[in-house]
Amino acid sequence: MTVGTVHVLDLESGNLRSLSNALTKLGYEVKWIKKPSDGLDEAEILLFPGVGNFGHVISELWNRGFVEPLRAYIASGRRIMGICVGLQAFFSGSTESPGVKGIGIIPAELQIFNDSTKSVPHIGWNSASVTNAEDEGLYGLRAESKYYYVHSYRADTEVPLREGWTVAIGNYNGEAFVGAMSRDNVFATQFHPEKSGVAGLRVLRAFLQGNRISKARDSQTDILKKNLGLTKRVIACLDVRTNDEGDLVVTKGDQYDVREKTATATAGGKVRNLGKPVEVAERYYLQGADEITFLNITSFRNCPLVDTPMLEILRKTSETVFVPLTIGGGIRDIIDPDGTTISALDVASMYFRSGADKVSIGSDAVLAAEKFYARGEVLSGETPMEMISRAYGAQAVVISVDPKRVYVRSKECTKHHVIKTSYPGPNGEEYAWYQCTIKGGRELRDLDVRQLVMAVEKMGAGEILLNCIDKDGTNSGFDLDLINDVKSAVKIPVIASSGAGKPEHFLDVFEKTTTDAALGAGMFHRNEYKVADVKNYLSDHGLLVRNESELAL
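Residues numbered from 1 in each chain as written. Predicted model: local features only at pLDDT ≥ 70, side-chain atom pairs only at ≥ 80, totals over all residues. Heavy atoms only, no water.

Novice: In this structure, what is going on with empty space enclosed by the protein? I would like to understand it.
Specialist: The method is simple in principle: a probe with the dimensions of a water molecule rolls over the atoms, and the space it marks as empty is what remains. Summed over the entire model, instances satisfying the criterion amount to 5 cavities of 30 Å³ or more. Space inside the largest cavity adds up to approximately 160 Å³. Lining the largest cavity are 16 residues, and of these Val51, Val150, His192, Asp357 and Gln395 sit closest to its centre. Taken together, the residues of the lining of the largest cavity sort by class into 8 nonpolar, 4 polar and 4 charged. (1 Å grid on protein atoms, 1.4 Å probe; cavity = no way out; pocket = protein on both sides within 12 Å on 5 of 7 lines; lining within 4 Å. Points joined across faces, edges and corners; volume = space filled by probe spheres on them. Nonpolar A, V, L, I, M, F, W, Y, C, P; charged D, E, K, R; others polar.)

Novice: Sorry, what's going on with the pairing of strand β17 (residues 325-328) here?
Specialist: Every regular strand shows the same layout, with side chains that alternate between the two sheet faces. Burial of the side chains of β17 extends over both faces: Leu325 and Ile327 are buried on one face and Thr326 and Gly328 on the other. Pairing between strand β16 (residues 291-296) and β17: 4 bridges, direction parallel. In the sheet register, Ile292 faces β17, and the bridge partner there is Leu325. Of the strand pairs in this sheet, β17 and strand β20 (residues 358-361) are connected by 3 bridges, and their pairing is parallel. By the bridge assignment, Ile327 is partnered in β20 with Val359. (Buried < 20%, exposed > 50% of the residue type's maximum accessible area, 1.4 Å probe, protein only. Helix = DSSP H or I, 4+ residues; strand = E, 2+ residues; numbered from the N terminus. Pairing = 2+ DSSP bridges.)

Novice: Teacher, can you tell me more about the side chain of Asp485 here?
Specialist: Within the secondary structure, Asp485 sits in helix α14 (residues 480-487). Excluding its chain neighbours within four sequence positions, the residues that come into contact with Asp485 are His417, Ile419 and Arg450. (Contact = heavy atoms within 4.5 Å.)

Novice: What should I look at first to understand the environment of Val406 in this one?
Specialist: Residue position: Val406 is located in strand β22 (residues 403-408). The exposure class assigned to Val406 is partly exposed, which follows from its relative accessible area of 24%. Residues Val406 and Gly425, spaced 19 residues apart in sequence, show a C-alpha to C-alpha distance of 8.6 Å. With near-sequence residues (within four places) excluded, Val406 lies in contact with Tyr431, Ala432, Trp433 and Gln435.

Novice: When you look at helix α12 (residues 384-392) in this model, what are you seeing that I'm missing?
Specialist: Each α-helix winds once per 3.6 residues, and so residues spaced three or four apart point in a common direction. The element α12 is largely enclosed, with a buried count of 8 among its 9 residues. Within α12, burial applies to Pro384, Met385, Glu386, Met387, Ile388, Ser389, Ala391 and Tyr392. The elements touched by buried residues of α12 are α2 (54-63), α10 (344-353), β20, α11 (363-374), β21 (397-401) and α13 (449-458). Note on α12: the residue one or two positions beyond its end, Gly393, has a positive phi of about 95°.

Novice: Teacher, can you tell me more about the packing of aromatic side chains here?
Specialist: Where two aromatic rings form a pair, the distance of their centres and the angle of their planes describe that pair. Taken as a whole, this structure holds 14 aromatic pairs when the rule is applied. For the ring pair Tyr139 and Phe187, a centre distance of 4.4 Å and an interplane angle of 40° mean the geometry is tilted. Pair noted here: Tyr139 is in the loop between β8 (129-130) and β9 (147-151) and Phe187 is in strand β13 (residues 186-189), with a separation of 48 residues, a long-range link. Among the residues examined, Tyr139 registers a relative accessible area of 4% and is labelled buried. On the basis of relative accessibility, which here comes to 0%, the residue Phe187 falls in the buried class. An aromatic cluster of at least three residues, connected via ring pairs, comprises Phe113, Tyr147, Tyr149, Tyr172, Phe177 and Phe191. A cation over an aromatic ring shows up here: Lys118 above the ring of Tyr172, its NZ or CZ 5.5 Å from the ring centre. In this structure, Arg546 is placed above the aromatic ring of Trp125, and the distance from its NZ or CZ to the ring centre is 4.0 Å. (Phe/Tyr/Trp six-rings, centres within 6.5 Å; stacked < 30°, edge-to-face > 60°. Lys NZ or Arg CZ within 6 Å of the ring centre and 35° of its normal.)

Right under this line is the structure:
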């Protein structure tokens, strides 16, 4: 049943489908505004979502003639809520985009996070806590709840507080920032409520209903003492491919072989069928997964523009799963069946419109890195990473790395970056380098993993999904050597992948490396453990995780 109407600015910035689905779930009809004449004058409740580069989003605002009408809308007293870059737009500017002027109701510039002590972008689940007792419960915010952030630039709290705003504060490894803010008819969140599970839906509903202050359930001060900061992210990964009957299924490989072993052969059986993708994704969401990743592992053979079943999986999943969704496979320049050339940016945009929040690039990142070094480490400006990050921000670009160990007797045996390994080779070798692969691990390249991650970071990637072919499907734990080596090479966040078989492996990777997140697959698919089992285990050992039991609005 529809309980009201909400107008939403559509600047074609990122994943608007998930916001629309969240509003629909809350009972609201959505009306889109692409230009001021589309109904801005009649709007009583307006949402302003924005994703990615400050300059790109705000330039669209100016180019479409929105700035002055929005200032007039705010002055009229009608309610408006900014989300992510929508919050940033209320400031005068950002050092991300010098010379680009924001709406300017807060006279301050956003500054980049300090990356000397932490990964940037700030990606994951963090707090938004109001410290003033009389403002506890601001628009449904709770000190015990965690909300999903993804941003590189922060709004300092000093100027908004001085200007009379109520500010909910986040803290990222010692740097405070505006997590949310409110004054009169204006409310804004740096986090994405539509991607923050039930906690985020509660905030959206409170704003839509005009419930600015609700009584907090517990003492904010007591909760802040034990709940402040970024949580450890636990991600569920679904490898999706077509089975022998032509249906898209969730599968899992052993060192990338997804076919069942038969009684007479070690390969060549049917594709493992571990469930329907939408149902599996929803199950993991309800178990408390902090993100869901879909890897379309046969997409390199097919044109994504005609891969309508995968697009439908994204659309359906985003209707019931309100945490970030990543899609990998086929994010590259392609030739449409009619001969038209389609850019990687257009392919990514299609996935974003279908419900994805991030896109994962694999083989094409390796090929782009090879060309980068062949040019003398000069950027071309035309790689998928550069084009997508310019339009949607670095946080929207994940690089999926599939390296394989190559053992050597000494560091002098190869030109590649070598580490001393905890996993000796077949002949007792103590050293190894990690060779990049493409096409699902089937083709080796003369590029090491360190070269790859350093190159794609320069190209604008915002996160590394670090697999390891040697560990895949072994249930023996993550490759800690590889993870530590990659973390030492880049500033952007790293997701540890491959090898998880039990909750203890997640504890190991979070305690023995500085990884930003860890991913599991087979152990969840086979129902050996639930996502909640992993998070409870981490919590029991003193690590901060999001409370997955918070499922009721």
